[in-house]
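Residues per chain, in single letters:
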Amino acid sequence: MVLRKLPGVSASGMGLRLSQKFVFLLFLSGLVTLCFGALFFLPDTVRLKRIFLSKNENPAVTVEHQRASLKGGEGANVKLKVSRKPSVTHGARTVERSVGSRAQEEWSPARAQEPAARDERVTSAAHNGERGSAYSYEAFKTCLLKPALGKNQGTPPDSETLQRREKVKEMMKFAWDNYKRYAWGNNELRPLTRNGHLGNMFGGLRGASIVDSLDTLYIMGLMEEYEEAKEWVQNNLDLNSNGEASLFEVNIRYVGGLLSAYYLTGAEVRFSLICLGEKLLPAFNTPTGIPRGVINLGSWSWGWASAGSSILAEFGTLHLEFLHLSQLSGNPLFTEKVMNIRKLLNKIEKPHGLYPNFLSPVSGNWVQHHVSIGGLGDSFYEYLIKSYLMSDKTDQEAQKMYYSAMEAIETNLVQKSPGGLTYLAEWRGGILDHKMGHLACFSGGMIGIGADDGPAGQRQHYLDLAAEITHTCHESYSRSATKLGPEAFRFDAGAEATATRLSDRYYILRPEVIESYMYMWRLTHDPKYREWGWEAVEALEKHCRVDAGFSGIRDVYASTVSHDNMQQSFFLSETLKYLYLLFSDDDLLPLEDWVFNTEAHPLPVIRKRCLQEHSATQDHGQTNLE
Ligand code: DMJ
């Protein structure tokens, strides 16, 4: 029809002149290219895109794998879904196979990764069966100094503490049962509307509350619930999920949760752990190796997505989990990635010895000079001291970095209010903001566990500082109507540990204050920490417990509360776990053997020498038998 209207052009195409044919063909091919190119920009959910692009490049692979493949697991068959990426030699297909050691030689999740597969070192020894580097769960257990659950599951001798602990266990069961009933498989429970919440933090990953709860259920002895959770992870945790996810959140909740479940119970989740770990590696494909904060988890396409600067607390909170990923997989790449971050941080100039919160992953320079021990900075410092402790106190570089950072923090950020409260201010290009976030309250515990290994003669000083900060955070709770603390509190314009802005008054079931009570209890056995913990339990019961779970509240100063309709997964993973530990004996997850990641997932101290000796003995034994 269009052609007919053009002057000098006959209705039949045959009548076109050569130049007209050329222009027409050019136009047509342009149109086709444009349409095909546009497919790339469609959301992953659009069917057309899946038909044209995904099928061949990202097929779901359901893998049945048995413990025979990975040394030291339990006998359970494990079904999990992983994303299989194209490789040069393998065609795309959906396979269901038994992953015994032979099957793993043929295919490893590492080989299936697109961007990471380009790095040939991404071949997990755990999967290709390399002798000597296979991880032994039995060896790991012999290297623990004490039984993980203590002599008697940490049961406290006095009846009052025992009753309090039972109450916390009941809260966990209540939170879990309601999640199970109304939100099973979702990331969180919405307890008022009685439905599930997926959110956008984890890409397409689901079940955050389940993965986050595994270890809490186990240490509380909620075994039926633990089995349900484990079964869901083994059968339904779908790693083949598209969508942009926070590298930090996936690492601390999913990788951390699975690591703890593996180490505590021997549950066979090592394969999914390594798959997931390898899916995070493309985030490091930046000019500096400092990872981007957001990663496209399931996609064949871009490894990382968002532009802009990387956040200190995000790229600085990978070390513990990544070291364990190397340990379990035999693949040094995970360790190399986080050691590279550390190298850059050591090299870069630090204003007054402080670490600003934003860094460009492209230039490797600080983006602005905002320093905080709360949000954006917090767990970077936590992971320095915990890296040292988790290395069996051999990682002296982490030790040095932590204590130098502490020195700079003390010189520049530690303040005393007119009322005598010690707090950590924030620093903006040399100007102090006299505000402390709830998140910063974890630092009481951190400074406490770091007290022993600082410069000589500083132990008591650090313990005192830890106690003072924990006291201030308790004040932020006791000065509110609900006895729960606000998101941020200030020390200016007459305020002392209270929120002055409406927008800072909420409480979302966060753990940090209780976390510090738990550490301070372990370090000092001062009964006030258990009392403070109990005050928090009563407040949670009174104001956050609703008919179908626990909910955050919008204003801690209002005596009639308004709920936010969200039971955060960290409430099950952290808040309730720390409370339970606070009312348990110290031999439940003893601190000599375990460090908690920033989501409260316990990870064992890596005793390299012990592990090597153990495998040497095993090898020796084997040789004798042969
Ligand atoms: C948790 O997810 C982790 O503790 C993280 O480090 C920051 N805060 C939340 C809970 O408040």
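Reading guide: rules and limits
- Residues numbered from 1 in each chain as written.
- Predicted model: local features only at pLDDT ≥ 70, side-chain atom pairs only at ≥ 80, totals over all residues.
- Heavy atoms only, no water.
- Pairing = 2+ DSSP bridges.
- Helix = DSSP H or I, 4+ residues; strand = E, 2+ residues; numbered from the N terminus.
- Core = buried A, V, L, I, M, F, W, Y, C linked by side-chain atoms within 4.5 Å.
- Buried < 20%, exposed > 50% of the residue type's maximum accessible area, 1.4 Å probe, protein only.
- Contact = heavy atoms within 4.5 Å.
- Axes fitted to C-alpha atoms, helices over the stretch in contact; angles between N-to-C directions.
- Parallel < 35°, antiparallel > 145°, perpendicular 65-115°, else oblique.
- Left-handed = near helix turned anticlockwise from the far one by under 90°.
- Expected span 1.5 Å × (residues − 1).
- Phe/Tyr/Trp six-rings, centres within 6.5 Å; stacked < 30°, edge-to-face > 60°.
- Lys NZ or Arg CZ within 6 Å of the ring centre and 35° of its normal.
- UniProt positions renumbered as here; feature names shortened; annotations may be inferred.
- 1 Å grid on protein atoms, 1.4 Å probe; cavity = no way out; pocket = protein on both sides within 12 Å on 5 of 7 lines; lining within 4 Å.

Asker: I would appreciate a short explanation of the sheet that holds strand β14 (residues 426–428) in the present structure.
Answerer: Paired through backbone hydrogen bonds, the strands of a sheet run either parallel or antiparallel to each other. Pairing within the open sheet is antiparallel, and its three strands lie in the order β11-β14-β15. For this open sheet the edge positions go to β11 (370–371) and β15 (431–433), each flanked by a neighbour on one side alone. Sheet topology note: the β11/β14 ladder contains two bridges and is antiparallel. What sits directly across from V371, in β14, is W427.

Asker: Which parts of the structure should I look at to understand the nonpolar core?
Answerer: Considering soluble globular proteins, one finds that nonpolar side chains tend to be buried as a cluster. Residues Y381 and M436 are the most contacted members of the largest nonpolar core, which totals 159 residues. By residue number, the principal contributor to this core is helix α11 (residues 247–265), which donates twelve residues. Ignoring sequence-local partners within four residues, the contact set of M436 consists of Y423, L424, C441, I469, C473, A488, F489 and F491.

Asker: What is the right way to look at the packing of helix α9 (residues 208–219) against α11 in this model?
Answerer: How two helices pack is summed up by the angle between their axes together with the distance between the axes. Their axes nearest at 9 Å, the elements α9 and α11 cross at an angle of 30°. Accordingly, the angle class assigned to the pair α9 and α11 is roughly parallel. Here α9 runs over α11; the crossing is left-handed. Between α9 and α11, the residues in contact are A208, V211, D212, L214, D215, Y218 and I219 and R253, Y254, G257, L258, S260, A261, L264 and T265, respectively.

Asker: What is the right way to read helix α10 (residues 223–236) from this model?
Answerer: An α-helical turn contains 3.6 residues, so a residue and the one three or four places further along point in the same direction. Taking 1.5 Å per residue as the helical rise, α10 with its 14 residues ought to reach 20 Å, and the 19 Å between its terminal C-alpha atoms agrees with that figure. Every buried residue belonging to α10 is among E225, Y226, A229, K230, W232, V233 and Q234, and all of these are buried.

Asker: Would you take a moment to explain the packing of aromatic side chains for this structure?
Answerer: To describe a pair of aromatic rings, one takes the distance between the centres and the angle between the planes. Within the structure shown, the criterion is met by 29 aromatic pairs. On the numbers, 4.8 Å between centres and 80° between planes, the contact of Y402 with Y403 is edge-to-face. In this structure Y403 comes out as buried when scored by relative accessible area, which is 8%. These aromatic residues form a ring-pair network of at least three members: Y135, Y137, F140, Y262, Y263 and W594. Between R545 and the ring centre of F174, over which it is positioned, the NZ or CZ distance is 3.8 Å.

Asker: Would you take a moment to explain the UniProt feature "active site" (unreviewed entry) in the protein for this structure?
Answerer: Annotation from UniProt places "active site" (unreviewed entry) at E249, D378, E487 and E512. Of the annotated set named above, E249, D378 and E512 line the second largest pocket. By secondary structure assignment, the location of D378 is in helix α16 (residues 378–390). With sequence-adjacent residues up to four places away left out, D378 is seen in contact with A313, S372, I373, L439 and F442. With respect to the helices and strands, E512 occurs in helix α20 (residues 512–524).

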